Amino acid sequence: MTIVRRLLALVATLGVAAPSAMAQTARGLVRDNDTGAPLAGVVVLALDSAAGVRARSVASAVGEYRVSVARAVKLRFVRIGYRPEEIDIPSGEADTKTIDVAMHALTQMLAPVEVRANAKCPKRDDASSTFALWDQARAALLNAVVAREANPPRSIRLIYKRLRSLDDAIVEQLVQIDSTAVTTRPFLAVLSSEDFARGGFARDSSGLRQYLAPYADVLLDDAFMSAHCFRSRDGGSARPKQVGVAFETARRQRGRIDVDGVVWVDTSARTLVEVEFRYVGVSDAATRARSGGEIWFRQMSNGLLIIDRWHIRSSGANERPGHDEFGVIPRDEGPIQAIEYGGQVVEAAWPDGLSWRAPLGRLTVRGEDSSGHPTTAFELRLRGTNYAARPDERGVAQIGSLLPGPYRAVVADTLLGRIGLAPPTPTRFVVSPDTLVDQRVTVRDAVQNFREFCGGGGDPNEALLVVRVRTPEGLPATDAAWEVRRTRAPGRDYDEQFAHARHPSPDGTLLGCLRMRKGDAVRIAVWREGQPIVIRERVLTSDATALGIVLPTP
């Protein structure tokens, strides 16, 4: 096993040690040798006598670090733009050992390295400088891996799916925002080094092909280096101050999906910027769709490197329409050329007080009734997303953290809208980064909208009831059995069976609309075969009642 491979994995035998050894730690300060300034984001590796990694950590915003040194004999300090440093751990019984280190900045981000080119790759004059830059990029990737383990932020993220037309316009996007608390998992669909060696960058699951991204764990592995050829690439006017290391698959294998791409480094800011890649060995349709992806990195002021955006693109000509709680999302545009899955960090916060927020879009909707007066009787939702907002006392609803692209805003009323029925025609708008979209909309009267949904009615003693059954994901449940019983006196047995059936309607309602009398008490029972029965009871005192029932997942 090479030194590089050892740097990527914690040794599995960390389990049993004497209590005194387990308690031993090293701490200290990492500085720039020339300026004396503290260095943030330095990866600290505790190595044993066989150069195996026993523990790893990352220096704080003020250059301070702490790492376990149980069974370790040496510390290795790694940071992009600097020459790696190694220091022997002094012997002794002290539980805490103080080890400070000064790191030397590299000239032009380059330092002599041993060239480890694949024998199948053509010899290049720039091989030495290319691999020197590749080693620097890998130092940054190692920061991203260790920072994720040692100091993960509390974050809010969004994930999305975009459908693109033949001219590459965004036809539709489905977005979900998620407050994830703290997690050490990668932010995108990645594969392990073992997965890469075994089967490339794609997997087949349930008849669908899933493409995976070449994240740090794979790019850092020796197997990736031995399977690819490398060359330098200038960023040109499109990428000033950036230099790339392009990688290409050295030997194509039939039936295997691999990646070619470029790792971009900002040599002025001394940071990793982006990994862009394309899939090779894919179908003609995937080639036409420019299957591939991009991973963008952001360097925080505390020295930690995070993925703030990513996407993977593949062919999508047969992609099915999207759904949300209102049903199928209509698609007005023509054929789909590509489908794009991606993610974005909305905001991140670390225990040391550092926080960061992405420059995303915002939407403000001002609700008015038919007379033009402000109204609060609505809820704002965006189709194909889990974004929702209620208005304030001025009738103003706001939604922030919007990914750039097209949306359909629905102003849902307080009756049918609450159960995802009878939405008005959506208001279309497009969001740009760090911009505000301001809309005025007319909100329909909820009871009038309800009566129209039920086909009319105006008897003052009539009580209209709409019951909608949905899955936990918000989609209509159409495979359930149901029964409605009623009584004229609340508290008595429900001896009158009002209606019953297998679920008959594609929108999940029980016979669309049930007409009863004010004062009726009703019991609704809904179930799937072999699943628990869900029961709801209501006394109908209003002209219109909307009831949503969620069936458990079978």
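Scroll up for the structure.
Definitions and limits used
Residues numbered from 1 in each chain as written. Predicted model: local features only at pLDDT ≥ 70, side-chain atom pairs only at ≥ 80, totals over all residues. Heavy atoms only, no water. Helix = DSSP H or I, 4+ residues; strand = E, 2+ residues; numbered from the N terminus. Buried < 20%, exposed > 50% of the residue type's maximum accessible area, 1.4 Å probe, protein only. Contact = heavy atoms within 4.5 Å. Phe/Tyr/Trp six-rings, centres within 6.5 Å; stacked < 30°, edge-to-face > 60°.

## Concerning the overall build of the protein chain
Counting its secondary structure elements, the protein chain contains eight helices and 36 strands. Of all 554 residues assigned to the protein chain, the portion counted as buried reaches 50%.

## Concerning the side chain of Gln-24
Along the chain, the position of Gln-24 falls in the loop between α2 (19-23) and β1 (25-32). Among the residues examined, Gln-24 registers a relative accessible area of 14% and is labelled buried. Setting aside anything within four residues of it in sequence, one finds Gln-24 in contact with Ser-68, Val-69, Ala-70, Gly-92, Glu-93, Ala-94, Asp-95 and Lys-97.

## Remarks on the packing of aromatic side chains
Scanning all chains against the criterion turns up eight aromatic pairs. Centroid distance Trp-134 to Phe-224: 6.5 Å. Interplanar angle 20°. Geometry classified as stacked. Of this pair, Trp-134 sits in helix α3 (residues 127-150) while Phe-224 sits in helix α6 (residues 222-226), and the two are 90 residues apart along the sequence. One exposure class covers both Trp-134 and Phe-224, and it is buried. Geometrically, the ring pair formed by Tyr-407 and Phe-429 is stacked, given 5.6 Å between the ring centres and 20° between the ring planes. With Tyr-407 in strand β27 (residues 405-412) and Phe-429 in strand β28 (residues 427-431), this residue pair connects regions lying 22 residues apart in the sequence. Exposure class is identical for Tyr-407 and Phe-429. Each is buried.

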